[in-house]
Amino acid sequence: MSHVKQRLHFSLFFGIILTYLGLGGYCMKHVKTEVLVPGMVVATDVIANGKQLVFPKGYKLTERAIARLEGYGIRDIRIEDPVDLNIEVEEIPEDEVADSMPTAASMDSLLSALSSLDFLQEERTAEEAPAATPDDGSDSSASAAKESPKISVTQQEEPSHFEKLKASKEFQSFKQSFSKNVDSLRANLNEIVEKNTPINVDHMIGDTMMIISNQGSTFGVFDMLHNMRDFDDLTFAHSMNVAMICNVFARWLRFSEEDVKTATACGMMHDIGKLKIDDAIIKKPGKLTAEEFRAIQSHPVEGYRILQPQNIDMHIKLSALEHHEKCDGSGYPMKLTGDKIDSFAKIVAIADIYDAMTANRVYREGMCPFRVIETFEEEGFHKYEVAYIMKFLENVVNTYIDNRVMLNDGRIGTVRWINKQRLSKPMLEMTDGTFLELGKERGLRIDKIL
Ligand SMILES: [Fe+2]
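Conventions used here
Residues numbered from 1 in each chain as written. Predicted model: local features only at pLDDT ≥ 70, side-chain atom pairs only at ≥ 80, totals over all residues. Core = buried A, V, L, I, M, F, W, Y, C linked by C-beta atoms within 7 Å. Buried ≥ 20, exposed ≤ 12 C-beta atoms within 10 Å, placed from the backbone. Helix = DSSP H or I, 4+ residues; strand = E, 2+ residues; numbered from the N terminus. Contact = placed C-beta atoms within 7 Å. Expected span 1.5 Å × (residues − 1). Pairing = 2+ DSSP bridges. pLDDT = per-residue confidence, 0-100. Axes fitted to C-alpha atoms, helices over the stretch in contact; angles between N-to-C directions. Parallel < 35°, antiparallel > 145°, perpendicular 65-115°, else oblique. Left-handed = near helix turned anticlockwise from the far one by under 90°. Nonpolar A, V, L, I, M, F, W, Y, C, P; charged D, E, K, R; others polar.

Colleague: What exactly am I supposed to notice about the nonpolar core here?
Modeller: In globular proteins that are soluble, nonpolar side chains generally tend to be buried together. Ranked by size, the top nonpolar core spans 90 residues in total, and within it I245, C246, F249, I347, V348, I350 and A351 carry the most contacts. Here the element with the most residues in this core is helix α12 (residues 236–252); it accounts for 11 residues. Not counting residues up to four positions away in its chain, the partners in contact with F249 are A263, I347, A351 and F392.

Colleague: Help me understand helix α20 (residues 386–399) in this model?
Modeller: What sets the pattern is the α-helix's 3.6 residues per turn: residues three or four places apart point alike. The end-to-end C-alpha distance of α20 is 20 Å, a good match for the 20 Å that 14 residues give at a rise of 1.5 Å each. For α20, the set of buried residues is I389, F392, L393, V396, V397, N398 and T399.

Colleague: I would appreciate a short explanation of the pairing of strand β5 (residues 404–407) in the present structure.
Modeller: Pairing of β5 with strand β6 (residues 412–417), which is carried by 3 bridges, proceeds in the antiparallel orientation. Paired with V405 across the bridge in β6 is G413. Here β5 hands over to β6 after 4 residues, with G410 in that stretch at a positive phi of 90°.

Colleague: Would you mind going over the confidence of the model for the chain with me for this structure?
Modeller: Should pLDDT be low for a region, the predicted coordinates there are not to be read in detail. Per-residue confidence for the chain gives a mean pLDDT of 75; residues scoring 70 or more make up 70%. Residue range residues 94–156 is modelled with pLDDT below 50. Its contacts to residues more than four positions away, or to other chains, number 106 contacts.

Colleague: Explain the packing of α12 against helix α18 (residues 343–358) here, please?
Modeller: For any two helices packed against each other, one specifies the inter-axial angle together with the distance between the axes. Between α12 and α18, the shortest axis-to-axis distance is 9 Å and the interhelical angle comes to 125°. As judged from the angle between their axes, α12 and α18 are oblique. As for the relative orientation of α12 and α18, their crossing is right-handed in sense. Contacts between α12 and α18 involve H238, N241, V242, I245, C246, F249 and A250 from the former and I347, V348, A351, D352, Y354 and D355 from the latter.

Colleague: Explanation requested: α18 in the structure shown.
Modeller: Over its 16 residues, α18 runs 23 Å from end to end, which matches the ideal 22 Å to within 8%, given 1.5 Å per residue. Most of α18 sits out of view: 13 of its 16 residues are buried.

Colleague: How should I be thinking about the sheet that holds β5 in this particular structure?
Modeller: To summarise the sheet geometry, strands pair through backbone hydrogen bonds and adopt either a parallel or an antiparallel arrangement. Spatial ordering of the open sheet is given by β8-β7-β6-β5-β9, a layout of 5 strands whose pairing is antiparallel. The open sheet has two edge strands, β8 (435–437) and β9 (446–449), and neither has a second partner. Strand-to-strand twist of the sheet, defined as the mean angle between neighbouring strand axes without regard to direction, takes the value 40°. Taken together, the 4 bridges between β6 and strand β7 (residues 427–430) define a ladder with antiparallel strand orientation. Within β7, the position partnered with W417 by the bridge is M427.

Colleague: Just checking my understanding: could you explain the packing of helix α16 (residues 299–307) against helix α17 (residues 314–322) for this structure?
Modeller: Taken N-terminus to C-terminus, the directions of α16 and α17 make an angle of 160°; their axes are 7 Å apart at the nearest point. It follows that α16 is roughly antiparallel to α17 by the angle criterion. Contacts between α16 and α17 involve P300, V301, G303, Y304 and L307 from the former and I316, K317, A320, L321 and E322 from the latter. Residues of the contact of α16 with α17, tallied by class, amount to 7 nonpolar, 1 polar and 2 charged.

Colleague: Got a minute to help me understand unusual backbone geometry in this structure?
Modeller: Backbone phi values are negative for most residues with the exception of glycine, while trans is the configuration of most peptide bonds. With an omega dihedral of 10°, the bond running from Y332 to P333 counts as a cis peptide bond. For N196, which is not a glycine, the phi torsion comes out positive at approximately 55°. Residue placement: N196 occurs in the loop between α9 (169–195) and α10 (201–214).

Colleague: What is the right way to read the environment of H226 from this model?
Modeller: Here H226 shows up in helix α11 (residues 218–226). We classify H226 as partly exposed; it has 18 C-beta atoms within 10 Å. Put simply, H226 and I449 are 223 residues apart on the chain and 9.6 Å apart in space, counted from C-alpha to C-alpha.

Dropping the structure here:
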């Protein structure tokens, strides 16, 4: 062990001991999770369920990390004095925070938690940086795999993240709003097609924007959508899914608020041309005849014809026309190559295929998102805009951190760390507490998110 690493071990060890003894509390504040902002630095180890290390002391919060805290139900944490960070926050009085502190953490479990920090120290040693970043990089995962941590996680006894989510009031209300939105989208799109009614984009996307902003984080939207896979509707529910995915995707790409709205509208109206195709062909589960196939493939042009006279953003019209084009020229209807395809249509294309592959249909079960990601990794990079697809896949995988998954050999584990070189093959913590680096296991893959 290097001197630097030894020093870090000592400082982390004493930091934890001081914190445990309640002596390390100076220059820190208790802050409610809901008011945390990216950039704040965690002042003490954040431990869930009395034994599971979520973030170590010194971890710099990101939007994703804050969403993880919410996922764990952690209501507040100690952060380094925000005065130093020039961020004003409301401090929680000490007597109000006692409940949320890791009171169940024994000295043993804290020392065990310490042993799992080795991989973080590898990173700190390399960068000599104060803030650890366990969410980033696959290199760190290799060293974590070598040593099995002693943190025991009772993964099988606890309800999974999705089981908890599906039972929540928030999910029920999301589902209700989603269904209502699909109904009004159906009415809106039919009116546009049948009566050429002028489109008011703000009005059309208003409720959807509201539902999304109610979720609090982009990961929250994805969580909800993942559990809304039972709408067997190839046009309206699909369009609503794609609209929401486009919205979240545009935020991940750091688009302006105006462009986020445009991306949402592009997703919502991309398949409007399908309303001109015989429903029996759209819903036909078996193999299509050549003629039926041609009819289906005419929907982008039909969509453009419908939207062309409307006074709306050109990206919305082009997304309807070009969302089946592929960067390598293998798409339709015009076989355009990357530089010719509208940038919003490229975003819709990714959201569209992701939703189509993960959705349940009467004739097949939806693919596991990790299988979809693997497919993108194998063939996606020349078909889709590389910068877009990378950003999309990285964020999709991140939404599944801490989710329980089943492997194709039936074993169960929890997604812990992302492998940036193989996004479909993250590092898992298995039910016996050992770590499994999927990227190094030939033939093993995630079959199901539980
Ligand atoms: Fe389409």
